[in-house]
Amino acid sequence: MTRAATSQRLACTTCLRPQSACICQWITPVAHRVEVLILQHPLEVDNAKGSARLLHLSLPHSRLVTGEEFDLQSLLTAPLEPQALAGSPRHVILLYPDTPHDRTLGMPVPPVRAPALLRDPSRLRLIVLDGTWRKSRKMLYRNPQLQQLPRLSLQGMPASRYLIRKAHSPDQLSTLEATCAALVQLEGRLEQFQPLLTAFDGFVAQQLVLQRGSSGTK
């Protein structure tokens, strides 16, 4: 086996990608008060274009869990970090647009989010679904407890910088972009998350180079 082939197979223990495609240089820890729980669809785990793991590694108060159906009772209430002590319960919000047409699938109307809920970001836990639009809807359908959460919708967003994945509309964002936008909306500090968005641009550029290199070898 050649040295190049060996490097291709060995995985980085941090980002879990092949060492030749390691993204650790783009990990950019940022301070944030809102906890983030990322629920990742299994088909996204090995997707080189996915941004969820980079997001998780850059958010100190976050957790990444993979599956289609989840034990949400513990995930929504237990401390996200092993060393964290149980304290006052967090107010949980689902990052997901309001989708009236889902009522035809038997989903309930999500509860109205009380304005007072957002006054203290340090008491919030944001749930993010990582997957394509179709996959995320399936995760929502299979987890009725998610359907009962108040939602946070993003509106008036600029076009995505996610050039490595096809979007059905310009306002469809990557998991990392959408989560940063939600955190800015909840915490009101755009400059705090700008370094991570800049690093995301580097991640996207790296993936484009790798894609071109892969196409050139075929």
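Here, the structure is the one placed above.
All figures in this text were calculated on a predicted structure; none of them were measured in a lab.

Quick notes on the rules
Residues numbered from 1 in each chain as written. Predicted model: local features only at pLDDT ≥ 70, side-chain atom pairs only at ≥ 80, totals over all residues. Heavy atoms only, no water. Helix = DSSP H or I, 4+ residues; strand = E, 2+ residues; numbered from the N terminus. Buried < 20%, exposed > 50% of the residue type's maximum accessible area, 1.4 Å probe, protein only. Contact = heavy atoms within 4.5 Å. Areas by Shrake-Rupley, 256 points an atom, 1.4 Å probe, with all protein chains shown as cover. Polar contact = N/O pair within 3.5 Å; in protein donor to acceptor, adjacent residues only side chain to side chain. Salt bridge = Lys/Arg side-chain N within 4 Å of Asp/Glu carboxyl O. Arc of directions from axis to C-beta. Core = buried A, V, L, I, M, F, W, Y, C linked by side-chain atoms within 4.5 Å. Pairing = 2+ DSSP bridges. Phe/Tyr/Trp six-rings, centres within 6.5 Å; stacked < 30°, edge-to-face > 60°.

Asks: Can you break down the overall build of the protein chain residue by residue, with the values?
Replies: Along the protein chain, the regular secondary structure elements total 7 helices and 5 strands. Secondary structure elements of the protein chain, listed N to C terminal, follow the sequence α-β-α-β-α-β-β-α-α-β-α-α. Considering the protein chain as a whole, with its 218 residues, one finds that 41% of them fall into the buried category. Considering only contacts in the protein chain between residues 6 or more positions apart, those separated by 24 or more positions represent 78%. Here the protein chain displays about 11900 Å² of accessible surface, and carbon together with sulfur accounts for 55% of that area.

Asks: Any chance you could break down the side chain of R151 for me, citing the residues and the numbers?
Replies: For R151, the position within the fold is in strand β5 (residues 151–152). Since its relative accessible area comes to 8%, R151 is described here as buried. In terms of polar contacts, R151 uses its side chain to reach the backbone carbonyl oxygen of P97, at 2.8 Å. Not counting chain neighbours up to four residues away, the residues in contact with R151 comprise I93, L94, Y96, P97, D98, T99, P110, R113 and L140.

Asks: Any chance you could break down the pattern of salt bridges for me, citing the residues and the numbers?
Replies: Inspection of every chain in the model, using the stated rule, returns 7 salt bridges. Across the pair E68 and K138 runs a salt bridge, and its minimum N-O distance is 3.7 Å. In this pair, E68 sits in the loop between β2 (62–66) and α3 (72–77) while K138 sits in helix α4 (residues 133–142), placing the two residues 70 residues apart along the sequence. Among the charged side chains, a salt-bridge network with shared partners connects E68, E69, K138 and R142.

Asks: Any details on α4? Residues and values, ideally.
Replies: Taken together, the buried positions of α4 are occupied by K135, S136, M139 and L140. Down the axis of α4, the buried side of the element spans an arc of 140°, and every buried residue falls inside it. Against the buried residues of α4 lie β1 (35–40), β3 (91–95), β4 (124–130), α5 (144–147) and β5.

Asks: Outline the nonpolar core, listing residues and values.
Replies: Ranked by internal contacts, the top residues of the largest apolar core, which has 31 residues, are L95, L126, L152, L176 and L183. Put simply, the parts of the chain that give this core at least two residues each are β1, α2 (52–58), β3, β4, α6 (175–187) and α7 (190–216). Apart from the residues lying within four places of it in its own chain, the contact partners of L183 are V34, V36, L59, L126, G188 and F193. By size, the runner-up hydrophobic cluster in this structure holds 18 residues, among which are V65, L80, Y96 and M107.

Asks: Tell me about unusual backbone geometry, residues and numbers included.
Replies: With a phi close to 70°, L16 is a non-glycine residue in the positive phi region. Turning to its location among the elements, L16 is positioned in the loop between α1 (3–9) and β1. Using a relative accessible area of 54% as the deciding quantity, one classes L16 as exposed.

Asks: Give me the pairing of β2: which residues, what numbers.
Replies: In summary, the side chains of a regular strand alternate between the two faces of the sheet. Inspection of the sheet shows β1 paired to β2 by 5 bridges, in the parallel sense. Among the inter-strand pairings, L37 is bridged to a residue of β2, identified as R63.

Asks: How would you explain the sheet that holds β2 if you had to name every residue and give the values?
Replies: Sheet architecture is open: 5 strands sit in the order β2-β1-β4-β3-β5, paired in parallel fashion. Of all strands in the sheet, those with a lone pairing partner are β2 and β5, marking the two edges. Inspection of the sheet shows β3 paired to β4 by 5 bridges, in the parallel sense. Considered in β4, the bridge of I93 is made with L126.

Asks: Outline the packing of aromatic side chains, supporting the account with residue identities and numerical values.
Replies: For any pair of aromatic rings, the description consists of the separation of the ring centres together with the inter-plane angle of the planes. All told, the structure shown has 2 aromatic pairs when counted by the stated rule. Plain terms: the ring middles of Y96 and W133 are 5.4 Å apart, the flat faces sit at 15° to each other, and that makes the pair stacked. Residue Y96 is located in the loop between β3 and β4, and its partner W133 is located in helix α4; the two are separated by 37 residues in the primary sequence. Look at W133 and you get partly exposed, because its relative accessible area is 37%.

Functional significance is not addressed by these values, which are geometric in nature.
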